[in-house]
Amino acid sequence: MLGKLLKQEFSATARYFIPLYGLVLVLTPLFSIMFRFMKDYDVESQIMSLLASIALFGIFGFVFLVIAIFIATLILIIIRFYKTTATSEAYLTFTLPVKTYQIVLSKTITAFVWEILAAIVAVTSIVLMFCISGFATPTEILNGLREIFDYSLVNMDGEQFFTLSLMLLSSITGVIASIMKVYCSIAIGQLFRNHRVLISIGMYFGIYFALQFISMILSIGGIMLLSNGSDNIFMNYTYIVAILQNTAVSIAGFWITTWIMKKHLNVM
C-alpha cells in the first residue's frame with residue numbers, strides 16, 4: 001500500500017515540481033548568455049554601458065535562480081503537506097484504507113526525493129552556466145571531475161574515506177530532519193483551534209533554535225574533550241553528533257506527527 005501512496009504522491013506533486021525545475025533549466029541559458037558579457041567585455045571601463053548592466057543582471061539573476069530552486073521546493077513541500085493534512089483535503093487523505101504512519105512516510109519520502117532532485121537541478125544549472133558562458137567547456141568540466149574522482153580513489157586513505165562517509169550521511173540525515181521539523185510543527189499547530197499557521201511557524205522556530213542551542217553545547221563539549229586531538233578527529237566528532245541529532249529529530253518528528261494525526265486529527 002505504501003507503493004500506491006508514493007505513486008499517488010509523486011503524481012500529485014510532479015505537476016508543480018517538474019515545471020519548476022524545467023523553468024530553471026530554461027532560464028539558465030538566458031542568464032548564462034548575459035553572464036558571457038562579463039567575460040567578453042571589460043566591465044570596469046564600461047560600467048555604465050548596457051552590456052555591463054546586462055552582464056551584472058545575468059550574474060544576480062542566476063544566483064537568485066539557484067537559491068530560488070531550494071526555497072520554492074521547500075515552500076511547495078510545506079503547502080502540499082498542509083493542504084492534505086490540515087485542510088478539507090485531509091478528509092480524503094485520512095479516509096484511505098492505510099495506516100497513518102504510511103501516509104506520513106509517503107509524504108516524507110516524496111519530499112526527500114524532490115529535495116535531492118532540486119540539488120541535482122542546481123548542480124546541472126551551474127554546469128550549464130559555465131559551459132554556455134564560455135568559462136569552461138563540457139570536456140574541461142568532465143576531465144576536472146574525473147581527475148578529482150581518480151585522485152580521491154587513489155590517494156584517499158581509510159580515515160579520509162570515513163570522514164567523507166560521515167559528511168554524506170550527515171547531509172542525507174539533515175535533509176530528512178529538516179522535512180520532519182516542518183511536518184512536526186504543522187502537526188502541533190493542529191492541536192490549537194485558532195491561529196494554527198502562526199503557531200506552526202512559531203513551533204518551527206522554537207524547535208530550530210532549541211536544536212541550535214543543543215548543537216552549540218555539544219560543539220563546546222567536543223572542543224573541550226578533543227582539545228588535544230587533530231582537526232580531523234574534531235571534524236568526525238562534529239559529523240557524528242550531527243548524524244545522531246538528525247536521526248533523533250527525524251524519529252521524534254515522525255512519531256509526534258503520526259501520533260497527532262492519528263489521535264488528534266483536527267482539520268479545518
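Read on for an overview of the structure. (Residues numbered from 1 in each chain as written. Predicted model: local features only at pLDDT ≥ 70, side-chain atom pairs only at ≥ 80, totals over all residues. Heavy atoms only, no water.)

### What about a nonpolar patch on the surface?
And step 1. A cluster of nonpolar side chains, Phe213, Ile214, Met216, Ile217, Leu218, Ile220 and Met224, forms an exposed patch at the surface whose accessible area comes to about 670 Å².
And step 2. Relative to the helices and strands, Ile217 resides in helix α7 (residues 196-225).
And step 3. Taking relative accessible area as the criterion, Ile217 reaches 43% and is therefore assigned partly exposed. (Patch = residues over 30% accessible without salt bridge, like charges linked within 9 Å, V, L, I, M, F, W, Y side chains within 5 Å. Areas by Shrake-Rupley, 256 points an atom, 1.4 Å probe, with all protein chains shown as cover. Salt bridge = Lys/Arg side-chain N within 4 Å of Asp/Glu carboxyl O. Helix = DSSP H or I, 4+ residues; strand = E, 2+ residues; numbered from the N terminus. Buried < 20%, exposed > 50% of the residue type's maximum accessible area, 1.4 Å probe, protein only.)

### Here's the deal with empty space enclosed by the protein
And step 1. On inspection of all chains with the given rule, the structure shows two cavities of 30 Å³ or more.
And step 2. In this structure, the largest cavity occupies an estimated 70 Å³ of space.
And step 3. At the level of elements, α1 (2-40), α2 (50-86) and α4 (100-133) are the ones that each hand at least two residues to the lining of the largest cavity.
And step 4. The greatest single-element share of the lining of the largest cavity, amounting to four residues, is contributed by α4.
And step 5. Taken together, the residues of the lining of the largest cavity sort by class into five nonpolar, two polar and three charged. (1 Å grid on protein atoms, 1.4 Å probe; cavity = no way out; pocket = protein on both sides within 12 Å on 5 of 7 lines; lining within 4 Å. Points joined across faces, edges and corners; volume = space filled by probe spheres on them. Nonpolar A, V, L, I, M, F, W, Y, C, P; charged D, E, K, R; others polar.)

### Description of the pattern of salt bridges
And step 1. This structure, assessed with the given rule, holds two salt bridges.
And step 2. A salt bridge links Arg80 to Glu9; its shortest N-O distance comes to 2.9 Å. Within this pair, whereas Arg80 is found in helix α2, its partner Glu9 is found in helix α1, the two being separated by 71 residues in sequence.
And step 3. The salt bridge partner of Lys107 is Glu9, with a shortest N-O separation of 3.3 Å.

### Observations regarding the packing of aromatic side chains
And step 1. Applying the stated criterion to the full structure yields nine aromatic pairs.
And step 2. Ring centres of Phe17 and Trp114 lie 4.7 Å apart, and the angle between their planes is 15°; on these two criteria the pair is classed as stacked. Of this pair, Phe17 sits in helix α1 while Trp114 sits in helix α4, and the two are 97 residues apart along the sequence.
And step 3. Accessibility expressed as a relative area gives 6% for Trp114, which makes it buried.
And step 4. Between Tyr21 and Trp114 the ring centres are 6.2 Å apart and the planes differ by 50°, which places this aromatic pair in the tilted class. In this pair, Tyr21 sits in helix α1 while Trp114 sits in helix α4, placing the two residues 93 residues apart along the sequence.
And step 5. On the accessibility criterion, Tyr21 (6% relative accessible area) is buried.
And step 6. Ring pairing ties together the aromatic residues Phe10, Phe17, Tyr21 and Trp114, which thus form one cluster. (Phe/Tyr/Trp six-rings, centres within 6.5 Å; stacked < 30°, edge-to-face > 60°.)

### Brief notes about unusual backbone geometry
And step 1. Phi is positive for His195, which is not a glycine, with a value near 55°.
And step 2. For His195, a relative accessible area of 59% corresponds to the exposed category.

### Some words on the nonpolar core
And step 1. Counting 34 residues, the largest nonpolar core has Tyr21, Ile69 and Tyr183 as the members making the most contacts within it.
And step 2. Going through the elements one at a time, α1, α2, α4 and α6 (158-189) are the ones with two or more residues in this core.
And step 3. Here this core takes nine residues from α1, the largest share from any one element. (Core = buried A, V, L, I, M, F, W, Y, C linked by side-chain atoms within 4.5 Å.)

### So, the layout of surface pockets
And step 1. When its volume is computed, the largest pocket comes out at roughly 340 Å³.
And step 2. Ile78, Val182, Ile186, Ser200 and Ile201 are, among the 14 residues lining the largest pocket, the residues nearest its centre.
And step 3. Of all the secondary-structure elements, those providing two or more residues to the lining of the largest pocket are α2, α6 and α7.
And step 4. For the lining of the largest pocket, the leading source of residues is α2, giving six residues.
And step 5. By residue class, the composition of the lining of the largest pocket is eleven nonpolar, two polar and one charged.
And step 6. Space inside the second largest pocket adds up to approximately 280 Å³.
And step 7. In terms of lining, the second largest pocket is formed by 18 residues, of which the most central are Lys181, Gln212, Ser215, Gln245 and Asn246.
And step 8. Breaking the lining of the second largest pocket down by element, the ones donating at least two residues are α6, α7 and α8 (231-263).
And step 9. Among the elements that make up the lining of the second largest pocket, the one with the highest residue count is α8 (eight residues).

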